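As a plain string of letters, each chain reads:
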There are 2 protein chains.
Amino acid sequence: MLVNGHAGDVVPALDRGLAYGDGLFETIRFVDGVAPLWPRHMERLRLSCARLLLPAPDAELLLAEAVQVVQEWVQAVVRITITRGLGERGYALPAVAHPHRVVAGFVAPALTADIYSQGVRLRVCDIRLAEQPRLAGMKHLNRLEQVLARAEWNDLAVADGLLCDTSGRVVSSTMANLFAVIDGGLVTPSLERCGVAGVARAEVLATQAVQVRDIALDELRHASELFLSSSVRGILPVQAVADTVYVPGPATRAMQRHWRALGFPMEQA
Amino acid sequence: MLVNGHAGDVVPALDRGLAYGDGLFETIRFVDGVAPLWPRHMERLRLSCARLLLPAPDAELLLAEAVQVVQEWVQAVVRITITRGLGERGYALPAVAHPHRVVAGFVAPALTADIYSQGVRLRVCDIRLAEQPRLAGMKHLNRLEQVLARAEWNDLAVADGLLCDTSGRVVSSTMANLFAVIDGGLVTPSLERCGVAGVARAEVLATQAVQVRDIALDELRHASELFLSSSVRGILPVQAVADTVYVPGPATRAMQRHWRALGFPMEQA
């Protein structure tokens, strides 16, 4: 782990990242020391920094540090955290920002081939995501909604939970974006009001014709396919949402093939 | 500063408080080593810990640590931060929680007697608070809305900004709760959907007959008095919200007297 470029595993206790969740993060999948979606991660980070009035970090520096923390792991995940650093007590921005960065490497979670062929089971979470356009889309450090959502179940057979907004529109799962085939067309929820605009989602959107729109939770009952996209886990078919069963179909398989072509081992993400 | 009871100024870079804003804080005013509102701070912390599924910290231990970091400062503020501590990567709660605590002392901000006699000027912030009943009322570590709100102005003559929710109801200022005298009665916004239920607000509610209800921003134009309550700053009259001017009246002065009776020096908070 590197903190501001130096080996270390601590941050100042008065860092605004801890005090207010004042910062952003990226979780980036590496295979053999290479991150196929790296440019998309850097693009999101750059745009989100601008929205939070944070100086954008140097992408080349981040890449050098990410490669360093990956070590010899073939299958790795790098978490980059950018915070606004130290400041006076209080919400006002520091006169001059000195962002802090933490670059940490992890062994990638091992998923079985079964999960990629047959898919995962989901539940529908009770908590609703609040609608906040000023924060929507960003992978910022204010993630208590996701923490509370994930705390709703312990059943190991349930891989993830669907999240709806206050108005009952489906937004995403707790840790991935959602795609559905409805009436023969690929659709994904609009993320103008809440949710994280995933880098894997951006890759799907750049590859396929996808309609981005509001999707009522009930509409998913009529979907012929459902899949999740995640920068860490890739393309995961959904085999069930509560009692509604789905069968992975051609849209899902096409995206999985695309992911393999990008260099991701879709049987061991 | 004490971190888990030991002198120190750093926390683990993988603390969930930093990763997800997964935790809570209290900012507590001390005068001569005593915190008159201490029991209310501990009560809010206990209730909020239960809502976030965090083990409640030992209040006696926290008091001993708070008194220690106050040092010899007559006018001090202590920030207590409780996080969920370390966990595996991902939102799922650790199987066994080992919360971390940071107890940090600061010299209290020096406010002039003028501010308590004549009041402060406010603006109305552009950002709207998202409505999230599951997080409403708590002083949790997800405070990006307040950071963005406070970043909206630099004018030193404007002390704070009013925050409304998505529906146009007034909620609070960026760092204090709001009370108004409307049609001769004291009212304060309901905080069921968003906002922080301040400890100073709780003290006002316990002292005065106050109607807690939804308040449209427009209603404030008809208020005869407006004041802010803050555990750090006490009772601050509002002299203006944008172009609407107010004169501190009997309700405000009564609460300021109550604050002085509690032991707070209201001319140098």
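See the structure shown above.
Residues numbered from 1 in each chain as written. Chains lettered and ligands numbered in written order. Predicted model: local features only at pLDDT ≥ 70, side-chain atom pairs only at ≥ 80, totals over all residues. Heavy atoms only, no water.

**Student:** Is there a simple way to think about the layout of surface pockets in this case?
**Tutor:** Over the atoms, a rolling probe the size of a water molecule traces out where space has been left empty. Estimates place the volume of the second largest pocket at around 690 Å³. Residue lining of the second largest pocket: 28 residues in total, with A:Ala92, B:Arg150, B:Val158, B:Ala159 and B:Met175 positioned closest to the centre. Those elements that provide at least two residues to the lining of the second largest pocket are β7 (120-129) and β13 (225-230) of chain B. Considered class by class, the residues forming the lining of the second largest pocket number 17 nonpolar, 4 polar and 7 charged. (1 Å grid on protein atoms, 1.4 Å probe; cavity = no way out; pocket = protein on both sides within 12 Å on 5 of 7 lines; lining within 4 Å. Points joined across faces, edges and corners; volume = space filled by probe spheres on them. Helix = DSSP H or I, 4+ residues; strand = E, 2+ residues; numbered from the N terminus. Nonpolar A, V, L, I, M, F, W, Y, C, P; charged D, E, K, R; others polar.)

**Student:** For this particular structure, what's the right way to read the relation of the copies chain B and chain A?
**Tutor:** One copy of the chain maps onto the other through a rotation about an axis plus a displacement along that axis. Superposing chain B onto chain A requires a rotation of 180° together with a translation of 0.0 Å along the rotation axis, leaving an RMSD of 0.0 Å. Interpreted geometrically, this transformation is the action of a two-fold axis. (Least-squares fit on C-alpha atoms with pLDDT ≥ 70 in both.)

**Student:** Looking at this structure, how should I read the packing of helix α2 (residues 38-51) of chain A against helix α6 (residues 199-207) of chain A?
**Tutor:** Two quantities define a packed helix pair, namely the angle between the axes and the distance from one axis to the other. Residue and element names in this part refer to chain A. For the pair α2 and α6, interaxial distance at closest approach is 9 Å and the crossing angle is 115°. When the interaxial angle is binned, α2 and α6 end up roughly perpendicular. Considering the relative orientation of α2 and α6, their crossing is right-handed. Judged by residue contacts, Arg-40, His-41 and Arg-44 of α2 engage Val-199, Ala-202, Glu-203 and Ala-206 from α6. Each residue belonging to the contact of α2 with α6 can be placed in one class, and the counts come to 3 nonpolar, 1 polar and 3 charged. (Axes fitted to C-alpha atoms, helices over the stretch in contact; angles between N-to-C directions. Parallel < 35°, antiparallel > 145°, perpendicular 65-115°, else oblique. Left-handed = near helix turned anticlockwise from the far one by under 90°. Contact = heavy atoms within 4.5 Å.)

**Student:** Even after reading the chapter, I still don't get the environment of A:Phe106, so can you show me in this structure?
**Tutor:** You can see A:Phe106 is positioned in strand β6 (residues 100-107). Separated by 102 residues in the primary sequence, A:Phe106 and A:Asn4 have C-alpha atoms spaced 18 Å apart. Not counting residues up to four positions away in its chain, the partners in contact with A:Phe106 are A:Trp73, A:Gln75, A:Ala76, A:Val77, A:Arg79, B:Leu14 and B:Arg89.

**Student:** How do you make sense of the sheet that holds strand β2 (residues 6-7) of chain A when you look at a structure like this?
**Tutor:** Sheets are built from strands paired through backbone hydrogen bonds, the pairs being either parallel or antiparallel. All names here are of chain A. Reading across the sheet, the 5 strands line up as β2-β1-β6-β5-β4 and stay open at both edges, with antiparallel pairing between neighbours. Among the strands making up the open sheet, the edge pair consists of β2 and β4 (23-31). Pairing of strand β1 (residues 2-3) with β6, which is carried by 2 bridges, proceeds in the antiparallel orientation. When the sheet's bridge partners are listed, Leu-2 is paired in β6 with Val-103. Sheet strands touched by α2: β4 and β5 (75-83). Its angle to β4, the strand with the most contacts, is close to 180°. Strands in contact with helix α3 (residues 59-70) are β1, β4, β5 and β6; relative to β6, the strand with the most contacts, it is inclined by about 35°. (Pairing = 2+ DSSP bridges.)

**Student:** Whenever I open this one, the packing of aromatic side chains confuses me. Can you help?
**Tutor:** Two aromatic rings, taken as a pair, are described by how far apart their centres are and by the angle between their planes. Per the stated rule, a full pass over the model turns up 10 aromatic pairs over all chains. Centroid distance A:Phe25 to B:Tyr20: 6.4 Å. Interplanar angle 70°. Geometry classified as edge-to-face. Taken together, the positions of A:Phe25 in strand β4 and B:Tyr20 in helix α1 (residues 16-20) put the pair across two chains. Residue B:Tyr20 is classed as buried on the basis of its relative accessible area, which comes to 6%. Ring centres 6.2 Å apart and planes at 65° place the aromatic pair B:Phe30 and B:Trp38 in the edge-to-face group. The residues B:Phe30 and B:Trp38 share a single accessibility class, namely buried. Ring pairs connect the aromatic residues A:Tyr20, A:Tyr91 and B:Phe25, which therefore count as one cluster. Positioned above the aromatic ring of A:Phe106 is the side chain of B:Arg89, whose terminal nitrogen or guanidinium carbon lies 5.9 Å from the ring centre. (Phe/Tyr/Trp six-rings, centres within 6.5 Å; stacked < 30°, edge-to-face > 60°. Buried < 20%, exposed > 50% of the residue type's maximum accessible area, 1.4 Å probe, protein only. Lys NZ or Arg CZ within 6 Å of the ring centre and 35° of its normal.)

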